[in-house]
Amino acid sequence: MAQLDVRQKLEILADAAKYDASCASSGSVKRTSRDGKGLGSTDAGMGICHAYAPDGRCISLLKILLTNSCIFDCHYCINRKSSNVRRARFTAKEVVDLTLAFYKRNYIEGLFLSSGIIGTSNYTMEQIGEVARSLREDHDFRGYIHLKTIPDADPELVRQAGLHADRLSINVELPTAGGLKRLAPEKDGARIESAMGETKATIVDTADARKKYRSAPRFAPAGQSTQMIVGADAATDGDIVTKAATLYDRFTLKRVYYSAFSPIPDASAVLPLQRPPLMREHRLYQSDWLMRFYGFAPREVVAAADDATGMLPLDIDPKLAWALKFRASFPIDINRAPREMLLRVPGLGVKAVNAILGARRWRRLSLADVGRLTVSVAKMRPFIVTNDWRPVALTDRADLKPMVVPKREQLELFAA
Ligand code: SF4
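Given the structure is predicted, the values throughout are model-derived calculations rather than measurements. (Residues numbered from 1 in each chain as written. Predicted model: local features only at pLDDT ≥ 70, side-chain atom pairs only at ≥ 80, totals over all residues. Heavy atoms only, no water.)

Chemist: Explain the overall build of the protein chain to me, please; I cannot follow it from the model alone.
Modeler: Regarding its fold elements, the protein chain presents 15 helices and 9 strands. Out of the 416 residues belonging to the protein chain, those deemed buried represent 53%. In the protein chain, the proportion of contacts linking residues at least 24 apart, taken out of those at least 6 apart, comes to 66%. Total accessible area computed for the protein chain in this model is approximately 20,000 Å², and 54% of it derives from carbon and sulfur atoms. (Helix = DSSP H or I, 4+ residues; strand = E, 2+ residues; numbered from the N terminus. Buried < 20%, exposed > 50% of the residue type's maximum accessible area, 1.4 Å probe, protein only. Contact = heavy atoms within 4.5 Å. Areas by Shrake-Rupley, 256 points an atom, 1.4 Å probe, with all protein chains shown as cover.)

Structure below.
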């Protein structure tokens, strides 16, 4: 590996980290002055990403890899062993110094650190953990730390890392065992899930201990998350939603991130040549919200997908797709329906439902009242009853979809 200075390493290792979606990165560079060099500049390519802290604040993180060298050869990964990319490697101390320097300049509020596997899984995990340890113990760093963990590493090394990190994540990568075997043959799906199980158990144990003893150590208080790549294999949206639901359920994950596969330079021949539409990733995030905040069961989200292809429609959101498919569940009386049914109405968000529940304690709501709480009442009109509105056999009409999805919206979607 050629001798590189820290700035050159940062260019390579921040760029290599951008393919990981599991810290909710926007991938953008912030606080860059016009020429990219002035005061406050983080310069292009020096990955500052944004993530949401457990208290809901949007925070800036330095998102980098410890190294982009790897002994594995996952086909979808730009850092795989056989990839012809410039390699670089930070020492743990260099990452610590960079984090502190960025933090002191107010560029960032935390660190997202991942890595290719160098030497052995244990050695890599030790190095990742050492960065977090040194930041916390040697420098009293109070910022946010998100560490990617190595599933094959000794659980004790992961536990040590979690004592200093706010969040840990392990990427499940692909939704099916077949996809993982084909595209990441050195990875072991069972081992990945068993590592998630161990992390969950430690999170639960330490949270229990802290309820009894305030001095008990913290362990990943912001929980664990994972990432799935979308569109690199033949998995359907139904497969992805089902897998995500299983992971949420078994490992109490805080988030599953979906990352649309993007063709990488020097790509492996087994990969598709085209990226999936970004809208697919967006629809999966919407389906994730339906399960986490709208009370939809995973099988209901899967039912919104096309029966033949197992894919969610791209032209409408999954909640509207479900309503159009199961229109016998409508119309819903805005003045009488329970919260869980109101949440099923296309176009009604959690905030609007809460406002409806609050307002209807005092009076009966009209269509105009509901309209004031939403962006467009046209989308929901066929699905609701108010004190001055009742749809007339609208749910039986074959042209219901064009009525609730204006043509302009459809054209914009496909133009985009
Ligand atoms: S183990 Fe991680 S870094 Fe290495 S090739 Fe696979 S995905 Fe890339």
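Having seen it, we continue.
Chemist: I keep staring at the site of the ligand and nothing clicks. Help me out?
Modeler: Surveying the vicinity of the ligand reveals the residues Cys-70, Phe-72, Cys-74, Cys-77, Arg-80, Gly-116 and Lys-187. Each residue belonging to the shell around the ligand can be placed in one class, and the counts come to 4 nonpolar, 1 polar and 2 charged. (Near = heavy atom within 4 Å. Nonpolar A, V, L, I, M, F, W, Y, C, P; charged D, E, K, R; others polar.)

Chemist: I keep staring at the packing of helix 7 (residues 237-251) against helix 8 (residues 278-293) and nothing clicks. Help me out?
Modeler: Between two packed helices, what matters for the description is the angle formed by their axes and the separation of those axes. Orientation of helix 7 relative to helix 8, taken along the N-to-C sense of each, is 40°, at an axis distance of 11 Å. By the angle between their directions, the pair helix 7 and helix 8 is classed as oblique. Considering only the axes of helix 7 and helix 8, their crossing is right-handed. Contacts from Asp-237, Ile-240, Val-241, Ala-245 and Tyr-248 of helix 7 reach helix 8 at Arg-280, Leu-284, Ser-287, Asp-288, Met-291 and Arg-292. (Axes fitted to C-alpha atoms, helices over the stretch in contact; angles between N-to-C directions. Parallel < 35°, antiparallel > 145°, perpendicular 65-115°, else oblique. Left-handed = near helix turned anticlockwise from the far one by under 90°.)

Chemist: Sorry if this is basic, but what is going on with the environment of Thr-149 here?
Modeler: In this fold, Thr-149 is placed in the loop between strand 4 (144-148) and helix 4 (155-164). Residue classification places Thr-149 among the buried positions, given a relative accessible area of 4%. It is 9.9 Å that separates the C-alpha atoms of Thr-149 and Thr-199, two residues lying 50 residues apart in sequence. Dropping the residues within four chain positions of it, Thr-149 is found in contact with Met-125, Val-158, Leu-168, Ser-169 and Ile-170.

Chemist: Would you explain the side chain of Ser-366 in this entry?
Modeler: Checked against the element boundaries, Ser-366 lands in the loop between helix 12 (350-359) and helix 13 (367-373). Not counting residues up to four positions away in its chain, the partners in contact with Ser-366 are Thr-386, Asn-387 and Asp-388.

Chemist: In this structure, what is going on with the pairing of strand 6 (residues 224-230)? I would like to understand it.
Modeler: It is a general feature of regular strands that their side chains alternate between the two faces of the sheet. For strand 6, the tally of buried residues reaches 7 of 7 residues, placing the bulk of the element in the interior. On strand 6, burial covers both faces: Gln-224, Thr-226, Met-228 and Val-230 on one face and Ser-225, Gln-227 and Ile-229 on the other are all buried. Relative to strand 6, strand 5 (residues 167-169) is paired through 2 bridges, and the arrangement is parallel. When the sheet's bridge partners are listed, Leu-168 is paired in strand 6 with Gln-224. Relative to strand 7 (residues 255-260), strand 6 runs parallel, the two sharing 6 bridges. Paired with Thr-226 across the two strands is Val-256, which belongs to strand 7. What joins strand 6 to strand 7 is helix 7, and the crossover it makes is right-handed. (Pairing = 2+ DSSP bridges. Right-handed = clockwise from strand over helix to strand, strands pointing away.)

Chemist: Is there a simple way to think about the pairing of strand 2 (residues 58-65) in this case?
Modeler: Judged by how many residues are buried, strand 2 sits mostly within the fold: 7 of 8 residues are covered. Read as a crossover between parallel neighbours, the route from strand 2 over helix 2 (residues 92-104) to strand 3 (residues 110-114) is right-handed.

Chemist: How do you make sense of the pattern of salt bridges when you look at a structure like this?
Modeler: Taken as a whole and judged by the stated rule, the model has 21 salt bridges. Close ionic contact of Glu-137 with Arg-133 constitutes a salt bridge, the shortest N to O distance being 3.1 Å. Of this pair, Glu-137 and Arg-133 both sit in helix 3 (residues 121-138), 4 residues apart, which is roughly one turn of the helix. Residue classification places Arg-133 among the partly exposed positions, given a relative accessible area of 23%. Arg-250 is the partner of Glu-193 in a salt bridge, and the nearest nitrogen-oxygen pair spans 2.6 Å. Here Glu-193 is found in helix 6 (residues 189-212), whereas its partner Arg-250 is found in helix 7, with 57 residues between them in sequence. A residue is classified by how much of its surface remains accessible, and Glu-193, at 15% relative accessible area, is buried. Judged by relative accessible area, which is 43%, Arg-250 ranks as partly exposed. Among the ionic contacts, a cluster of salt bridges with common partners joins Glu-130, Arg-133, Glu-137 and Asp-138. (Salt bridge = Lys/Arg side-chain N within 4 Å of Asp/Glu carboxyl O.)

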